[in-house]
Protein chains: 2
Amino acid sequence: MKKTMDRRQRKSREAIFKAFIALLSEKNVNKITVEDIITRADVGRATFYAHFETKDFLLKELCEELFCHIFDSVDNNHSHRHIFECDAPDSVFLHLFTHLKKNDNNILELLSCQNNDLFLQYFKSGLYRLIESQHQLYKYSEKAKLPTDFWTNHIASTFVETVRWWINEKLQKSPEEINDYFLRAINA
Amino acid sequence: MKKTMDRRQRKSREAIFKAFIALLSEKNVNKITVEDIITRADVGRATFYAHFETKDFLLKELCEELFCHIFDSVDNNHSHRHIFECDAPDSVFLHLFTHLKKNDNNILELLSCQNNDLFLQYFKSGLYRLIESQHQLYKYSEKAKLPTDFWTNHIASTFVETVRWWINEKLQKSPEEINDYFLRAINA
DNA sequence: ATAATACTGAATAGAGTGTTCGATAGCATA
DNA sequence: TATGCTATCGAACACTCTATTCAGTATTAT
């Protein structure tokens, strides 16, 4: 989203996103029509198509906006730690759990709605890239003689499944506890 | 599927399944139309709706037909082992990997096509029930103080992800090797 | 104030869904 | 082989949804 965006554009775009998110927690993504969205968002039909080529593009852009924040914040945090030489190997995940619980952008609504698989998959692909860069995680995989990409995928999916379980439990556990579960599961 | 099914019904049903499977490996499930299916299957429109209420039902019944075999075979094998008191704790998974590689019903085509998430998720839900009944798997979870349902989900998803990785690698590894990877990953 | 541009609202063509029905052909049974 | 039963055909139908268009209106940046 460009900074120099017409206020009207921003408003329409935001209204569409907001309506779409609300609808996503109400019904299956395949059953949501453009009519539903524009009625809820209170914008004209032509406006919708001026912003998004199709519903699929809307979904894709929504995912990008949602997850760019969370991964950016990790990247910043990680580079800080690098600068200060404060090496806490697995705290990246604690950082992610904490960030999730803060629930910026109502990300939790989407990760717990009936369409959550959609978002968990998208989240996982972002995670995969992040994990690849965390070399200290691979000590165990070497010990267990597991291929690198197998291990990367294993960690990413275990993280996502931990989040899924956590959300199902209504986030009763603290980020520290759930991070502990996660680390025990991957036995790091 | 009832045994006493009219030959015409069987033929139509099979033709529809076959056409659907072929289409699934060509394009996204959402883009497949009833028109596509009946043209490929060479049956009338009314025939399709006589067999399946909607496309979603077709998909559901396809999944059931596909996975019932594989889980039934495990159940039989498991109860045999029970009778003969031959207790090989984790061989259920080796049995599953072996069964998958045999590729009955072209199950692998579906697990490796672009719609594989659909089938892997369905496969996982079947697995979940199976794992719940395998009590010997929970020794480690008790040691690591992890909740039962967390652990069940962890094993199920790790299995599914192992299968996913295996298929991506074109099934080059033997069932024994891949079972080994899986057991190392869950550290059982 | 002005020019640029985003939005509206209604109309439109086209694709896909799910149903209907009389006619036809295949099936099980006797 | 003749019988009734039932699955299929194929075409037509109403319906919903998609995606585009365009003239008129409102808002914005400068």
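Residues numbered from 1 in each chain as written. Chains lettered and ligands numbered in written order. Predicted model: local features only at pLDDT ≥ 70, side-chain atom pairs only at ≥ 80, totals over all residues. Heavy atoms only, no water.

Q: Tell me about the protein's contact with DNA strand D, and please be specific about residues and values.
A: The local shell around DNA strand D holds 20 residues, among which R8 of chain A together with R8, S12, G44 and T47 of chain B are the closest. Looking at DNA strand D alone, sugar and phosphate atoms form 69% of those within 4 Å of the protein. V34 of chain A has a polar backbone atom sitting 3.0 Å from a phosphate oxygen of DNA strand D. Residue classes in the surface near DNA strand D are distributed as five nonpolar, seven polar and eight charged. (Near = heavy atom within 4 Å. Polar contact = N/O pair within 3.5 Å; in protein donor to acceptor, adjacent residues only side chain to side chain. Nonpolar A, V, L, I, M, F, W, Y, C, P; charged D, E, K, R; others polar.)

Q: Describe the protein's contact with DNA strand C, listing the residues and the values that go with them.
A: Lining the immediate surroundings of DNA strand C are 20 residues, of which Q9, S12, G44 and T47 of chain A together with V34 of chain B lie closest. At a separation of 2.5 Å, a phosphate oxygen of DNA strand C approaches a polar backbone atom of G44 of chain A. In the model, a phosphate oxygen of DNA strand C is placed 2.5 Å from a nitrogen or oxygen of the T47 of chain A side chain. Tallied by class, residues from the surface near DNA strand C come to five nonpolar, seven polar and eight charged.

Q: Talk me through the domain arrangement of chain A; I want residue IDs and the actual numbers.
A: All names here are of chain A. The assigned domain composition of chain A is domain 1 (1-52) and domain 2 (62-186). Contact residues are listed per partner, giving eleven residues for domain 1 and nine residues for domain 2. Counting each side, the surface lost to burial between domain 1 and domain 2 is near 860 Å², with a carbon and sulfur contribution of 61%. Its largest share of buried area at the contact with domain 2, domain 1 owes to F17, I21 and L24, together 55% of the area lost on that side. For the interface between domain 1 and domain 2, the tally reads one salt bridge. Between E65 and R13 there is a salt bridge, with its nearest N and O atoms 3.2 Å apart. One can count five residue pairs in polar contact (both at pLDDT 80 or more) joining domain 1 with domain 2. (Domains from an automatic or database assignment. Contact = heavy atoms within 4.5 Å. Buried area = accessible area lost by both parts, 1.4 Å probe. Salt bridge = Lys/Arg side-chain N within 4 Å of Asp/Glu carboxyl O.)

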